[in-house]
Amino acid sequence: MRFRSLISLLFLLFFTSSAYARFVSLTPSSTDLISDGVNSDEPLVNSRSIIKTVVSAEEEACEQTYGFMPCTKTALGNVFLILVYGFLMFTAATYLSAGSELLLEILGPGIVGGLFLPMLGALPDAMLIMVSGLSGDAATAQTQVSVGMGLLAGSTVMLLTVIWGTCTVVGKCDLRDNIAVNNQDTKGFHLKDSGVTVDVWTSYAARIMAISVIPFIIVQLPQMLDSTSGRHLAVLVALILSVAMLISYCVYQVFQPWIQRRRLAFAKHKHVISGILRHLKQHALGRLLDDEGQPDEHVIRKLFETIDANKDGHLSAAELKALIIGISFEDIDFDKDDAVGKVLQDFDKTLDEQVDQEEFVRGIKRWLIQAMGAAGPSGPGAGPRTMKYLDHFHVQTKREHALLGDNESGENDEESGEVADPKWITIKAALLLLLGAAIAAAFADPLVDTVNNFSAATGIPSFFISFIALPLATNSSEAVSAIIFASRKKIRTASLTFSELCGGVTMNNILCLSVFLAIVYLRGLTWNFSSEVLVILIVCLVMGGFASFRTTYPLWTCFIAYLLYPFSLGLVYILDYWFGWS
């Protein structure tokens, strides 16, 4: 259905061109008159049916993109064309997204997820930015490049404000102990007791996003220092840095799944340690810590004798597995054999695949010291509070495990399993990617021209048109997907949603900026976007700083996101038109 709509729209565009009309005028003039076909002896000026052409000089100046695309100089006509071209760019983004997901399904993460998907997601924006600076001579490009900057700033601001706030609202759950409870939303719109929780990887994504604004700062340094001599050099340095950051980010994305699995395995091991210590405390004939807050070796040795079922002075892998199986680990699923192997690795220093009493004592003492360190200083009198310390360590470990984004209860929010027909899926993915890229490349230039024509017809600066309208076209698919995903009301889906928003902004700040800087440098254009850069810095640093150091977003935080959007528009207007920054 969508494909047929696209074909119909393209047919309408290709067979529509600039049309001129003529009408009957009651007030003839000496110009632009033609015969109405009536033979009359009366003077021409007395005729009631004078046909007059209405081709104005302004219409004659309308230049068709590619020589056949429709164009107009009227405001209403350009609104229509912006909607049409915007829909086509939205369609391109949709095809690119669908093709990327199919490719990911076939090849998995790693190279595809780290290199191709982030770039393909930013491709429509990059296309528009590229054509905005390549059209015409340098003077024309200098005028049109504000469309590219408007799109760059508008995409970043929209993702971190309107979309971020909406995802917080639709994804909110009840907060318990400052953590969202999956699929439980009984608090309504309570500003403090309702919100979303994300994993620690989202915090890392937010920090990377905040770091990605460094090229903006570098390219802005000459203007901050009120210098005109080093502007071209600053553009080159910022370009080199942004390309280096793009490569580094892609490498990180390639290896991030491996890093995440390692971190998650470590968190599960800590969870096992916590469970074993609590179990041993409950079954110990005495306190695990003495009155001085040190591990009590006598009590630990008695625990060893209890666990040693065959009384041979050693704990085998089977005895350790029986211990682990007998412990109830809540909200966590792990491989018991793998857990036994890690415990043996912690305790068995002689590498004989069993744990003697001395190794057991040293291992439990090391675990207890680790638990006490996580719970704070112990000191004298810690013995009676042993269970309190272990409970605190258990809660902290459980929270750390949850924030690492483990797939709870074996659920999988992403499709998994063997692909039915990998050859056909690969062909389909390639066709979707090619079609999306072709549409984006074909209609980016007409869209930029239409924005400039609308700006000329209405007197509205092209920056504000591209800031508001173009991100709706290039980011709509990503925005709808993020909102739908957030509405599932789970920590995992919320984490993926906000991580993708941060990742999208990061790609804007490095990939799209790289394209923009390359055009400015190669064409010798002037960098004169102080107010726009300031807006990007403020929004990225506020939202990035906020998300970098917390994993729970109460509902009240959505107001911060929403308010930053009109603040950004107002700030650019004031700085440009009151203070003359640009």
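The model shown is predicted, which means the values in this text are computed figures rather than measured ones.

**Student:** Is there a simple way to explain the overall build of the chain in this structure?
**Tutor:** When helices and strands are tallied, the chain shows 21 helices and nine strands. The buried share of the chain, reckoned over its 582 residues, is 48%. Pairs at least 24 residues apart make up 75% of the contacts formed inside the chain by residues separated by at least 6 positions. As displayed, the chain has an accessible area near 27,900 Å², and 62% of this comes from carbon and sulfur atoms.

**Student:** Can you walk me through the environment of Glu319 in this structure?
**Tutor:** When you line up the elements, Glu319 lands in helix H11 (residues 317–325). For Glu319, a relative accessible area of 10% puts it in the buried group. Taking the C-alpha atoms as reference points, Glu319 and Val340, separated by 21 residues in sequence, lie 9.5 Å from one another. If near-sequence neighbours (up to four positions away) are discounted, Glu319 is found in contact with Ile307, Asp308, Ala309, Asn310 and His314.

**Student:** In this structure, what is going on with unusual backbone geometry? I would like to understand it.
**Tutor:** Excluding glycine, residues mostly have negative phi values, and the peptide bonds linking residues are mostly trans. One non-glycine residue with positive phi stands out, namely Asp177, at about 55°. Here Asp177 lies in the loop between strand E4 (173–176) and strand E5 (179–180). Although it is not a glycine, Asn178 sits at a positive phi angle of roughly 65°. Take Asn178: it is sitting in the loop between E4 and E5. Note on Asn178: relative accessible area 42%, which makes it partly exposed.

**Student:** Sorry, what's going on with helix H6 (residues 138–170) here?
**Tutor:** Side chains that are three or four residues apart share a direction in an α-helix, a result of its 3.6 residues per turn. In a regular helix each residue adds 1.5 Å, so 33 residues correspond to 48 Å; H6 covers 46 Å between its end C-alpha atoms and thus fits that length. Remark: the principal bend of H6, roughly 40°, maps to Met158. Summarising burial for H6: 25 of the 33 residues are buried, a large majority.

**Student:** Could you clarify how one ought to interpret the sheet that holds strand E6 (residues 194–197) in this entry?
**Tutor:** Each strand in a sheet pairs with another by means of backbone hydrogen bonds, the pair being arranged parallel or else antiparallel. In space, the four strands of this open sheet follow the order E5-E4-E6-E9, with antiparallel pairing throughout. At either end of the open sheet lies a strand with only one pairing partner, and these are E5 and strand E9 (552–554). Inspection of the sheet shows E4 paired to E5 by two bridges, in the antiparallel sense. In the strand pairing of E5, Arg176 is matched with Ile179.

**Student:** What exactly am I supposed to notice about the packing of helix H5 (residues 123–134) against helix H19 (residues 491–522) here?
**Tutor:** Describing two packed helices takes the angle between their axes plus the distance from one axis to the other. Packing of H5 against H19 leaves a shortest axis separation of 9 Å and a crossing angle of 15°. With respect to their mutual orientation, H5 and H19 come out roughly parallel. Pair H5 / H19 crosses with right-handed handedness. Of H19, the residues touching H5 (which contributes Asp125, Ala126, Ile129, Met130 and Gly133) are Asn508, Cys512, Val515, Phe516 and Ile519.

**Student:** How should the pairing of E6 be read in this particular structure?
**Tutor:** The alternating pattern of E6 places Ser194 and Val196 on one face and Gly195 and Thr197 on the opposite face, and all of these are buried. In this structure, E4 lies alongside E6, joined through two bridges in antiparallel fashion. Bridging from a neighbouring strand, Asp174 pairs with Ser194 of E6. Two elements, E6 and E9, share three bridges in a ladder whose sense is antiparallel. Opposite Val196, over in E9, you have Tyr553 as the bridge partner.

**Student:** What exactly am I supposed to notice about the pattern of salt bridges here?
**Tutor:** As a working rule, side chains carrying opposite charge can pair if their charged atoms are close by. Evaluation of the coordinates by the stated rule reveals two salt bridges. A salt bridge links Asp185 to Lys172, with the shortest nitrogen-to-oxygen separation between them at 3.0 Å. Here Lys172 lies in the loop between H6 and E4 and Asp185 lies in the loop between E5 and E6, a separation of 13 residues in the sequence. Where Lys489 meets Asp185, a salt bridge forms, and the shortest distance between an N and an O atom there is 3.4 Å. Separated by 304 residues along the polypeptide, Lys489 in the loop between helix H18 (476–486) and H19 and Asp185 in the loop between E5 and E6 bring together distant segments of the chain. Among the ionic contacts, a cluster of salt bridges with common partners joins Lys172, Asp185 and Lys489.

Cut-offs and rules
Residues numbered from 1 in each chain as written. Predicted model: local features only at pLDDT ≥ 70, side-chain atom pairs only at ≥ 80, totals over all residues. Heavy atoms only, no water. Helix = DSSP H or I, 4+ residues; strand = E, 2+ residues; numbered from the N terminus. Buried < 20%, exposed > 50% of the residue type's maximum accessible area, 1.4 Å probe, protein only. Contact = heavy atoms within 4.5 Å. Areas by Shrake-Rupley, 256 points an atom, 1.4 Å probe, with all protein chains shown as cover. Expected span 1.5 Å × (residues − 1). Bend = angle between axes of the 7 residues up to and from the residue. Pairing = 2+ DSSP bridges. Axes fitted to C-alpha atoms, helices over the stretch in contact; angles between N-to-C directions. Parallel < 35°, antiparallel > 145°, perpendicular 65-115°, else oblique. Left-handed = near helix turned anticlockwise from the far one by under 90°. Salt bridge = Lys/Arg side-chain N within 4 Å of Asp/Glu carboxyl O.

None of the figures reported here should be taken as evidence of function without further support.
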